[in-house]
Amino acid sequence: MDVPTTHHQRIALIDGNSFYCSCERVMRPGLEGKPLVVLSNNDGCAIARTQEAKDLGIKMGAPWFKICHLADTHGLVALSANFALYGDMSHRMMNIIGQFAPRQEIYSIDESFLDLTGVPGSGRDIGTAIRTRIRQWIGIPTCVGIGPTKTLAKLANHLAKKIPRLQGVCDLAQLDDTRRLRALAHVPIEDVWGVGRRLAPQLRELGIATAADLACADIRVIRDKFSVVLAKTAEELAGLPRLGWEELPAEKQQIMCSRSFGHPVQHANDLFEALSVFTARAAERLRAQESVTGAIYVFARTSFFRNDPPYSGSIVVPLARTTDDTRAMLDAVRQGLKRVFRPGFNYAKAGVCLLDIEPLNRANRQLSLFEPLPGAKAGKNASKIMQTIDGINQRYGKSTLVPASTLHDHDTVWAMKQERKTPAYTTDWGQIVEIRR
DNA sequence: TCTGGGGTCCTAGGACCC
DNA sequence: TCTGGGGTCCTAGGACCC
C-alpha cells in the first residue's frame, strides 16, 4: 500500500504584526518604538496593540477608560480606528504576497495563505524574501509561518511571532513528523487555531493540553465528544490537509451593518435615521456582489454595561420579493422598527442584517408579476437608479448621495465617537500626507 | 461619560412528510 | 397492554475566527 507522503503541500501564512498599529506607524514614523493601541469604534476598547503596549499588560479588547491612565504614566498613544487606511494598506500588502506564488487565499484584512507547493527555494528563503519586500515597499512588518496544512501554517506563524531567534519566519514543513511533534508540544492548546475559550478547558480536562496532544488524540473520540470541526483541526495538526483553498472570496450569505451609538438614543426618529444609514451601506455592499436579499433582520438594544433598564428587540422582516433596492429595504426596516421599538429606553446600539441573500441573476429567482425576466435587457439590473447612485458615490465620495431618511436638520445624536482619528492618507486626495506646507 | 463590528460553520430539535 | 421509522427542511443557538 502506498503511504501518501509524497505530495506534501507547503502552505505559508503571512500576516502583518499588530497590523492596524503598523499602518498608523507607516504614516507617522514618530510612533515607532512607542506603546500604541488602535481603538474600536466609539473609541471603546483596544483592538490592536504594538509589542510595547502588550508589554504594558494591555489585553486585547481592554476598555480604553481602564487603560487611559497609561497615557500619562507610560506615554501610551491611542488612535481611533481608521479602516479606510487599513483596507488600502491591506490591498497593497496582499498584492505583494500574491507575486510569490500562483495560488493565494486572502483570509482576513491582515492575513493571507499562499501555496508554496512546487515553488523553488527553501521555506526560510521565500519567507524572508516576502517579509523583506513588504517591509521595503509598504513599511509593514510581517511574520511568515509555513506548514504542510493550513492549521500548521497558522501555528508556525504563531511560533514565528513568539520566538525572536526565528527572525519572523518559521518553517514546520521541512521537519519530519517526530520533530514537528516535538515543536507542537510547546504550544498550549488554547493557542491552536480553532480552539477557543470554551473548548480549551474541556480539552485540558481530557488531558489534552498542547497542540501535540491534540495531534495525537483519537480522531473518533474528538469527533464524538466535540465536533467534526475540531476533528478536522486535530487531523490538520497531524499533517493531514482537511481544509481546502478558497481563492475567490465567497459571496456573503449575510450582510450586517450595526453600530454602537456615541450617545444613547431615545427617539424612534433617531433610531430610524441611524438604521437608514446602516441599510444604505448594507445595500451598497449587496449590490457590489450582485446579489438580492429576501429578508432583513432589524434590532435595537440598550447597553449591557450601563445601569439602564435592559431591553433588546429584534425582528426578521421578510420581503415580498427579493430585491437590491435600498428603498424597498428601507420600507421593510421602517416596519421592523415599528414592531421592535419600545418607548422609554436608552438605546445604545442598533443594526440591520440582510438575510436570504442570493445571486441577482439566479435563474429560478422569485420574480414579481411585473418584473422583466433576468435575461431581458431592461431588467438586467432592475434598479438603474441604484447603480447610478453607487457609481456617483464611488466617484465623488461615500455619502454624496444618501436616502432622504438619513438627512435631518438637527445634530446627529447617534454619531460615533472618534476623537483620535488619523486622516485617510492613502484613499482621499484631500487628506494626503503633507511633508511641508 | 466610558466595553467593536463584522463573519462562518455545525448541531440539536421541532415541524412535517410518507 | 399498545401507539413505526426514516427522511427533509428550517431555525435558534453555540462555537469559532479576525
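Look up a bit, the structure's there.
In this report, we go over the structure that sits alongside the text.

Here is what the cut-offs are and how they apply
Residues numbered from 1 in each chain as written. Chains lettered and ligands numbered in written order. Predicted model: local features only at pLDDT ≥ 70, side-chain atom pairs only at ≥ 80, totals over all residues. Heavy atoms only, no water. Phe/Tyr/Trp six-rings, centres within 6.5 Å; stacked < 30°, edge-to-face > 60°. Helix = DSSP H or I, 4+ residues; strand = E, 2+ residues; numbered from the N terminus. Buried < 20%, exposed > 50% of the residue type's maximum accessible area, 1.4 Å probe, protein only. Near = heavy atom within 4 Å. Polar contact = N/O pair within 3.5 Å; in protein donor to acceptor, adjacent residues only side chain to side chain.

**A short note on the packing of aromatic side chains**
(1) Moving on: One pass over the full model with this rule turns up twelve aromatic pairs.
(2) Moving on: Measuring from centroid to centroid gives 5.5 Å for Tyr107 and Trp193, while their planes differ by 85°, and the two rings are edge-to-face. A residue pair is termed long-range when its members are at least 10 positions apart, and Tyr107 in strand S5 (residues 104-108) and Trp193 in the loop between helix H8 (177-184) and helix H9 (199-205) qualify at 86 residues.
(3) Moving on: Owing to a relative accessible area of 38%, Tyr107 belongs among the partly exposed residues under this scheme.
(4) Moving on: The class for Trp193 is partly exposed, based on a relative accessible area of 24%.
(5) Moving on: On the basis of an interplanar angle of 45° and a centroid distance of 5.9 Å, the ring pair of Phe113 and Trp193 is categorised as tilted. On the criterion of sequence distance, the pair formed by Phe113 in strand S6 (residues 111-115) and Trp193 in the loop between H8 and H9 is long-range, its members being 80 residues apart.
(6) Moving on: The exposure class assigned to Phe113 is buried, which follows from its relative accessible area of 0%.
(7) Moving on: The structure contains a cluster of three or more aromatic residues connected by ring pairs, namely Phe19, Tyr20, Phe83 and Tyr86.

**Observations regarding the environment of Ala185**
(1) Moving on: Looking at where Ala185 falls in the secondary structure, it is placed in the loop between H8 and H9.
(2) Moving on: For the pair Ala185 and Ala415, spaced 230 residues apart in sequence, the C-alpha separation works out to 49 Å.

**Things to note about the protein's contact with DNA strand B**
(1) Moving on: Close contacts around DNA strand B come from 20 residues, with Met256, Ser258, Arg259, Ser260 and Arg306 the closest.
(2) Moving on: Sugar and phosphate atoms form 75% of the subset of DNA strand B atoms that lie within 4 Å of the protein.
(3) Moving on: Backbone polar atom of Ser260 to a phosphate oxygen of DNA strand B: 2.6 Å apart, as the coordinates give it.
(4) Moving on: In this structure, Lys349 approaches DNA strand B through a side-chain N or O atom, which is 3.2 Å from a phosphate oxygen.
(5) Moving on: Looking at the surface near DNA strand B, the elements with two or more residues in it are helix H12 (228-237) and strand S9 (255-265).
(6) Moving on: With six residues, S9 is the largest single contributor of residues to the surface near DNA strand B.

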